[in-house]
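Each chain, written out:
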Amino acid sequence: MTQKRGGGRVVALDALAAEERYAAEPIDPLTPDRCFQRHWALGMIDTAMNTLREQWRDLLKQQVAATSTSRRRRTSRPNWRR
């Protein structure tokens, strides 16, 4: 014959000790609504920072390209005053 899950063991639950452990847990002052709003706001900030990072990178690439193009123009001109 097979045994049910747990193998017939009896586990004593100490309700008072469980309540004491529960009372010792840190209290989270955020309601579920506030937690959702906070998570949403952090997501918006993350999206904005990523967008700014990409725009900054593109701007720097444009500046580097413009600088290297202008340097090539200056160095590729023949020096007629020699």
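In what follows, the structure referred to is the one given above.
Residues numbered from 1 in each chain as written. Predicted model: local features only at pLDDT ≥ 70, side-chain atom pairs only at ≥ 80, totals over all residues. Heavy atoms only, no water.

Caption draft 1: Highlighting the overall build of the protein. For the protein, the helix and strand inventory stands at two helices and zero strands. In the protein, which comprises 82 residues, the share counted as buried stands at 0%. As presented, the protein carries roughly 8900 Å² of accessible surface, and 58% of it is formed by carbon and sulfur atoms. (Helix = DSSP H or I, 4+ residues; strand = E, 2+ residues; numbered from the N terminus. Buried < 20%, exposed > 50% of the residue type's maximum accessible area, 1.4 Å probe, protein only. Areas by Shrake-Rupley, 256 points an atom, 1.4 Å probe, with all protein chains shown as cover.)

Caption draft 2: Seen up close, the pattern of salt bridges. Applying the stated criterion across every chain yields a total of one salt bridge. Where Asp58 meets Arg57, a salt bridge forms, and the shortest distance between an N and an O atom there is 3.7 Å. Look at Asp58 and you get partly exposed, because its relative accessible area is 37%. By relative accessible area, Arg57 is classed as partly exposed at 43%. (Salt bridge = Lys/Arg side-chain N within 4 Å of Asp/Glu carboxyl O.)

Caption draft 3: Main features of a nonpolar patch on the surface. Taken together, the side chains of Leu42, Ile45, Met49 and Leu52 present a nonpolar region at the surface, about 390 Å² in accessible area. Within the element layout of this structure, Met49 appears in helix α2 (residues 32-76). (Patch = residues over 30% accessible without salt bridge, like charges linked within 9 Å, V, L, I, M, F, W, Y side chains within 5 Å.)

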